Amino acid sequence: MIEPVTLSDLESNDEPAYELRLFVTGASINSIRAIANLKHICDMYIPGRYSLEIIDVYQQKALAESEQIIALPLLIKKLPMPQRRLIGDMSDTAKVLKGLGISTGSE
Amino acid sequence: MSLKSSTKADFPSGSLPKSPTGITGLDEITAGGLPSGRPTLICGGAGCGKTLFSIEFIAHGALLYGEPGVFMSFEEKAEELAMNVISLGYDLDQLQRDKLIKMDYVRIDRSEIEETGEYDLDGLFIRLGYAIDSIGAKRVVLDTVENLFSGLLDQSILRAELRRLFDWLKEKKVTAIITGEKGEGMLTRNGLEEYISDCVILLDHRIANQISTRLLRIVKYRGTVHGTNEYPFLIDGTGISVLPITSLTLAHDVTTDRVSSGIPSMDKMLEGKGFFRGSSILVSGTAGTGKTSIAASFIHEACNQKKRAIYFAFEESPLQIIRNMRSIGIDLQQHVDNGLLEFQASRPSLTGLEMHLLSIHKMVEMFDPQVVTFDPITNLITVGSVSEVKSMLMRLIDFLQSRQITVMFTALSLNTIINEQTDEGVSSLVDAWVLVREIESNGERNRGLYIMKSRGMKHSNQVREFVITDEGLSLVDVYLGPEGVLTGSARESQQLLEKTGVVLHQNAVNRKDREIERKRLVLESKIASLKEEFESVQDELNKAYVEEELRKEVIEKNREQMTRNRHNEQ
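Residues numbered from 1 in each chain as written. Chains lettered and ligands numbered in written order. Predicted model: local features only at pLDDT ≥ 70, side-chain atom pairs only at ≥ 80, totals over all residues. Heavy atoms only, no water.

- In the nomenclature of an unreviewed UniProt entry, chain B corresponds to non-specific serine/threonine protein kinase from the organism Larkinella rosea.

- Naming follows an unreviewed UniProt entry, where chain A appears as Circadian clock protein KaiB of Larkinella rosea.

As structure tokens, then:
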């Protein structure tokens, strides 16, 4: 029970910046939900510490291959390392936070 | 393998449009190829050739049929795939640069992905759609899409999305191959077969007696007639080739042209002309009866007539055969030098039967001979069961007959008792069967040659003695005496005896002639002496007669004188 405390201490001290890229498909239901959910989570847990780029894959189809995109919506956490990929509409907040490596501190 | 379009005569061509695979033999059994604009499932265990099959489909499409293709790999990286098939002569990198194919490697790493709710596979659709549109692809391969199941957790989403994917592929009107790993009790691990119902091809890889055989079966093919058997197929230096039984209909062209057996006296037994061209001949016999010599003599004769020939040897090396045949006055080396004769020697156990069949196919297609010989086929039994060998030989004979190639097989009978059912059951397949049998008598073995059958001609039913001399082979009429059939030295002594008889007879005749001559002389001298006697008797008789005349004259004279005298005196 000691380690999480020290970890969260370190994180809060460093206050890492998050670089996020969200790939969506136009205005599909999943896409809209994913954008809304993600924005909500970020504003709640890492306010002011993130940059979010939203990309419509339909507009840049070549990206699908270069970014190894299969399932959509896809969120790629570029920074901080390690890089992580999250798929889905971001409705499962606990998993999104785990994927982003954000500790809520309440656990 | 040759890439020429295969004959489609075996099946009636349906209205269903098909995309040829360019894989030798497969287009024959599917009557044209895979269903155009529909997905086909290729399934099978690990290492059965699914990926190679798919690559050939794409590469042939791009190179031969003007149909660009997209290869989406979920297993191997594009570079790895390109490396794997470069030995088969497919330069995938160049094809990619020429915009004829598009390779795309899809990497899914479970550990990197977190699922956070509802999602779909639109990314895959966009990616594939983009790839198809960028080169105007008509063919698509997904190898193997099942890997998605291990990369993504939500099976229900995945299943729904796959169904959508296959429907979407149909809408795109691309001919697709989906590969799938064989599952337990199912064709594929995740039951892909329930989504793809148009065409399912199963590949299998079986090992029997340490020799592997690859088999291909069309499980289903909607809307068309197709071969339903398991067809052996091979993967070698030129890719996949499927070997269907080439003539299911037994409709070869036939000819009445004849080919000499190379032994004039054997031709004489076959209406004086020899075997039919394009027929199959079996020469069987026990060890050391001269089967190879008959085969070599047959080849020799064909080459002398400027025909091309291949000698498939399963027992001896080419040099050994050439040396051995020289001892009976058959020089095969000159034909090799002239490029008329080609030797192909290999141990039967080198490869499986199907591989043998393939190499034979290839050799024949490359060299285009009119005459081939297999010496001996019996050795093939070491690599397959009797029924397998028979099936292979049947296909071989069909293949050779369709090309009008005359073939001579030699077969070793293991026992001296002739069993008409042995010889790998080949005897019913062949057109002519020559049997060389040992006849043992008087402490020596001689060879008796029979023509057991020869379809479509009157052939001699007699046993001939088969003699191997320094000048080649010949057949001698066996001597039929009061003690039965005589061969070898018994025959020779009988012939000698007959010769002596002739001399003695001649002698006797001469003596009689001389006696007659003597008798004639004796008689003639007798006749002469009798003649002399007659003349002397005649002389005697003449003398008496003359004397009588004279006397009569004298008496007359005297009487007249006396009469005159008497008158004068008076």
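Moving on from the model shown.
### Topic: the packing of helix 5 (residues 122-135) of chain B against helix 7 (residues 155-171) of chain B
Residues and elements named next belong to chain B.
Line of reasoning, step 1. At a minimum axis separation of 11 Å, helix 5 and helix 7 run at an interaxial angle of 20°. Between helix 5 and helix 7, the crossing angle belongs to the class labelled roughly parallel. As helix 5 runs across helix 7, the sense of the crossing is right-handed. Contacts from D122, L124, F125, L128, G129 and I132 in helix 5 reach E161, R164, L165, W168 and L169 in helix 7.
Line of reasoning, step 2. Tallied by class, the residues present in the contact of helix 5 with helix 7 amount to seven nonpolar, one polar and three charged. (Axes fitted to C-alpha atoms, helices over the stretch in contact; angles between N-to-C directions. Helix = DSSP H or I, 4+ residues; strand = E, 2+ residues; numbered from the N terminus. Parallel < 35°, antiparallel > 145°, perpendicular 65-115°, else oblique. Left-handed = near helix turned anticlockwise from the far one by under 90°. Contact = heavy atoms within 4.5 Å. Nonpolar A, V, L, I, M, F, W, Y, C, P; charged D, E, K, R; others polar.)

### Here we look at the sheet that holds strand 20 (residues 432-441) of chain B
Residues and elements named next belong to chain B.
Line of reasoning, step 1. Taken in spatial order, the nine strands make up an open sheet running 17-16-18-19-15-20-21-22-23, and their pairing is mixed. Among the strands making up the open sheet, the edge pair consists of strand 17 (341-345) and strand 23 (472-477). The average angle at which neighbouring strand axes cross in this sheet is 25°, direction not considered.
Line of reasoning, step 2. Alignment of strand 16 (residues 309-313) against strand 18 (residues 371-375), held across five bridges, turns out to be parallel. Residue pairing in the sheet places I310 in a bridge with V372 of strand 18.
Line of reasoning, step 3. Running at roughly 125° to strand 17, helix 10 (residues 318-326) makes contact with strand 16 and strand 17 of the sheet.
Line of reasoning, step 4. Strand contacts of helix 12 (residues 353-367): strand 16, strand 17 and strand 18, with the helix running at about 160° to strand 16, the strand carrying the most contacts. (Pairing = 2+ DSSP bridges.)

### Here's the deal with the pattern of salt bridges
Line of reasoning, step 1. This model, assessed by the stated rule, comprises 27 salt bridges over all chains.
Line of reasoning, step 2. Across the pair R164(B) and D122(B) runs a salt bridge whose closest N-O atoms are separated by 3.1 Å. Of this pair, R164(B) sits in helix 7 while D122(B) sits in helix 5; the two residues are 42 residues apart in sequence, bridging distant segments of the chain.
Line of reasoning, step 3. Note that R206(B) and E230(B) form a salt bridge whose closest N and O atoms lie 2.5 Å from each other. Taken as a pair, R206(B) in strand 9 (residues 199-208) and E230(B) in strand 11 (residues 230-236) lie far apart in primary sequence, 24 residues in all.
Line of reasoning, step 4. Classification of R206(B) by relative accessible area gives partly exposed; the value is 37%.
Line of reasoning, step 5. Owing to a relative accessible area of 36%, E230(B) belongs among the partly exposed residues under this scheme.
Line of reasoning, step 6. In this structure, a network of salt bridges that share partners links the residues R21(A), E53(A) and E67(A). (Salt bridge = Lys/Arg side-chain N within 4 Å of Asp/Glu carboxyl O. Buried < 20%, exposed > 50% of the residue type's maximum accessible area, 1.4 Å probe, protein only.)

### Some thoughts on the nonpolar core
Residues and elements named next belong to chain B.
Line of reasoning, step 1. Residues L142 and F166 are the most contacted members of the largest nonpolar core, which totals 50 residues.
Line of reasoning, step 2. Beyond its immediate sequence surroundings of up to four residues, L142 is in contact with M72, F74, L128, L165, F166, L169, I177, I178 and T179.
Line of reasoning, step 3. In this structure, M266, F275, L341 and L475 belong to the second largest nonpolar core, which totals 39 residues. (Core = buried A, V, L, I, M, F, W, Y, C linked by side-chain atoms within 4.5 Å.)

### A look at the sheet that holds strand 7 (residues 139-143) of chain B
Residues and elements named next belong to chain B.
Line of reasoning, step 1. What the nine strands build is an open sheet, ordered 5-4-7-8-3-9-10-11-12; its pairing is mixed. Every other strand in the sheet has two partners, leaving strand 5 (101-105) and strand 12 (239-242) as the edge strands with one partner each. Each neighbouring strand pair of the sheet contributes to a mean axis angle of 20°, computed without reference to strand direction.
Line of reasoning, step 2. Here strand 3 (residues 39-44) runs beside strand 9; their pairing, made up of five bridges, is parallel. For G44, the partnering residue across the bridge sits in strand 9 and is L203.

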